[in-house]
Amino acid sequence: NDSLSPPPMKILRYHADRWPVAIILFAFGLDLVVFFLAPTWKYAAAWTVLGIFHKTCICSFNHHHQHLATFHSNGLNRLLEIPYGFLTGITSHAWFLHHVIGHHQHYLDQALDESRWKRDDGTPMRELEYATVVAATGYPRAFMAGKRHPKHRMIFVLMLLLQLTILGNFFWYNWQNALFVFLLPMAISLFLTAWHTYYHHHGLDAENDHDASWNITHKWYNIFTGNLGYHTAHHLRGGLHWSKLPEFHDTIVEKIPDKLYREPCIPFKWMPSR
């Protein structure tokens, strides 16, 4: 009797993730095509430039995945994190340790925040300084945050070793293409991601969540970043799926000061806002 049959098992936690996953896998597939077929390093170097925009946007969905895993299966999540690592420079559980159990717990305290925008003497950093410091300290701070969560830190270490092993084999096969298709874009994407996070909280000394984040309601910015512009909502409910953030934002909008809304960065500011 069909009525007694169990419902089909869902692979994705949320249907909204079908397109991001497809785009991520397609983007990694393009990297592999360029890596194996580019006849000279110059073609691979051109791909470094052409591919960096979409890889930086994919960083946002890597971030979302670290807050709420994309698949029900842990195995599928670990497999997805390998393309994520090559596309964004942020490997499995690096963002979970640094960001989810680090930054989200400490962002109201600049002495503890893993993504702090203040120097040790309490003065604010400039953009370039902030991006350099956060990118350079990201992995060490993730490892240190893992002291409180040894199980997750072990996954972080093992997956990082796996990622480096695969990357090492790419270099053994063709070091020039590996440099321009994988390693340099990973480093650039990590740096640009750190730069981008400067605009989430910089300059906001706050004691409560409603006053501690900059928000961007620009349509195309939120399409490309998975609603990351609804940043106050994201910090209030970090485990909420990215597709639900606009709806939750509408329930708290009256508590967010008008001064905490801003325009998006280039190139999104050149696109229609609605």
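Heads up: these notes are all about the structure in this document.

Rules used throughout
- Residues numbered from 1 in each chain as written.
- Predicted model: local features only at pLDDT ≥ 70, side-chain atom pairs only at ≥ 80, totals over all residues.
- Heavy atoms only, no water.
- Salt bridge = Lys/Arg side-chain N within 4 Å of Asp/Glu carboxyl O.
- Helix = DSSP H or I, 4+ residues; strand = E, 2+ residues; numbered from the N terminus.
- Buried < 20%, exposed > 50% of the residue type's maximum accessible area, 1.4 Å probe, protein only.
- Axes fitted to C-alpha atoms, helices over the stretch in contact; angles between N-to-C directions.
- Parallel < 35°, antiparallel > 145°, perpendicular 65-115°, else oblique.
- Contact = heavy atoms within 4.5 Å.
- Bend = angle between axes of the 7 residues up to and from the residue.
- Polar contact = N/O pair within 3.5 Å; in protein donor to acceptor, adjacent residues only side chain to side chain.
- Phe/Tyr/Trp six-rings, centres within 6.5 Å; stacked < 30°, edge-to-face > 60°.
- Expected span 1.5 Å × (residues − 1).
- Disulfide = S-S within 2.5 Å.

1. Considering the pattern of salt bridges
The full count for this structure, using the stated rule, is four salt bridges. Across the salt bridge formed by Asp31 and Lys55, the nearest N and O atoms sit 3.1 Å from each other. In this pair, Asp31 is assigned in helix H1 (residues 18-37) and Lys55 in helix H2 (residues 41-67), connecting sequence segments 24 residues apart. For Asp31, a relative accessible area of 0% puts it in the buried group. In this structure, Lys118 and Asp205 form a salt bridge, with 2.9 Å as the shortest nitrogen-oxygen distance. Here the residue Lys118 occupies a position in the loop between helix H4 (94-106) and helix H5 (127-145), and Asp205 occupies one in the loop between helix H7 (175-201) and helix H8 (219-225), the gap between them amounting to 87 residues. Residue classification places Lys118 among the buried residues on the basis of a relative accessible area of 17%.

2. Thoughts on the packing of H2 against H4
Two elements in contact, H2 and H4, have axes whose closest approach is 9 Å; the angle formed by their N-to-C orientations is 70 degrees. In terms of orientation, H2 and H4 fall into the roughly perpendicular class. When H2 is examined against H4, the residues Cys59, Asn62, His63, Gln66 and His67 are found in contact with a partner set consisting of Trp95, Phe96, His99, Val100 and His104.

3. Examining H5
Along its length, H5 reaches its greatest deviation from straightness, about 50 degrees, at Gly138, and the proline Pro140 lies no more than four positions downstream. Where H5 is concerned, the buried positions are Tyr130, Ala131, Val134, Ala135, Gly138, Arg141, Ala142 and Ala145. Tucked inside the fold, the buried residues of H5 contact H4, helix H6 (150-173) and H7.

4. Regarding the environment of Thr137
The residue Thr137 is located in helix H5 in this model. On the basis of relative accessible area, Thr137 is assigned to the partly exposed category, the value being 22%. For Thr137, the side chain forms a polar contact with the main-chain oxygen of Val133, separated by 2.7 Å.

5. Description of the packing of aromatic side chains
Per the stated rule, a full pass over the model turns up 18 aromatic pairs. Look at Trp41 and Phe180: their rings are 5.6 Å apart centre to centre, the planes differ by 25 degrees, and that puts the pair in the stacked class. Residue Trp41 is located in helix H2, and its partner Phe180 is located in helix H7; the two are separated by 139 residues in the primary sequence. Owing to a relative accessible area of 17%, Phe180 belongs among the buried residues under this scheme. Between Phe170 and Phe182 the ring centres are 4.6 Å apart and the planes differ by 10 degrees, which places this aromatic pair in the stacked class.

6. Focus on unusual backbone geometry
Even without being glycine, His93 reaches a positive phi, approximately 70 degrees. Relative to the elements of secondary structure, His93 occurs in the loop between helix H3 (74-88) and H4. Residue His93 is classed as buried on the basis of its relative accessible area, which comes to 7%.

7. Overview of H7
Between its first and last C-alpha atoms H7 spans 39 Å; for 27 residues at 1.5 Å apiece the expected length is 39 Å, and the two agree. Gly203 sits one or two positions beyond H7 and adopts a positive phi of about 80 degrees.

8. Here we look at the environment of Phe53
Inspection of the secondary structure assignment puts Phe53 in helix H2. Exposure remark for Phe53: the relative accessible area of 38% places this residue in the partly exposed category. Each C-alpha atom, one on Phe53 and one on Pro267, is 9.8 Å from the other, the two residues being 214 residues apart in sequence.

9. Looking at the state of the cysteines
Across all of its chains, the model carries zero disulfides by this definition. Lacking any disulfide linkage, Cys59 is separated from the closest cysteine sulfur, that of Cys57, by 8.7 Å.

10. Describing the side chain of Thr193
When you line up the elements, Thr193 lands in helix H7. Thr193 sits in the buried class, given a relative accessible area of 9%. With near-sequence residues (within four places) excluded, Thr193 lies in contact with Cys59, Ile90 and Trp95.

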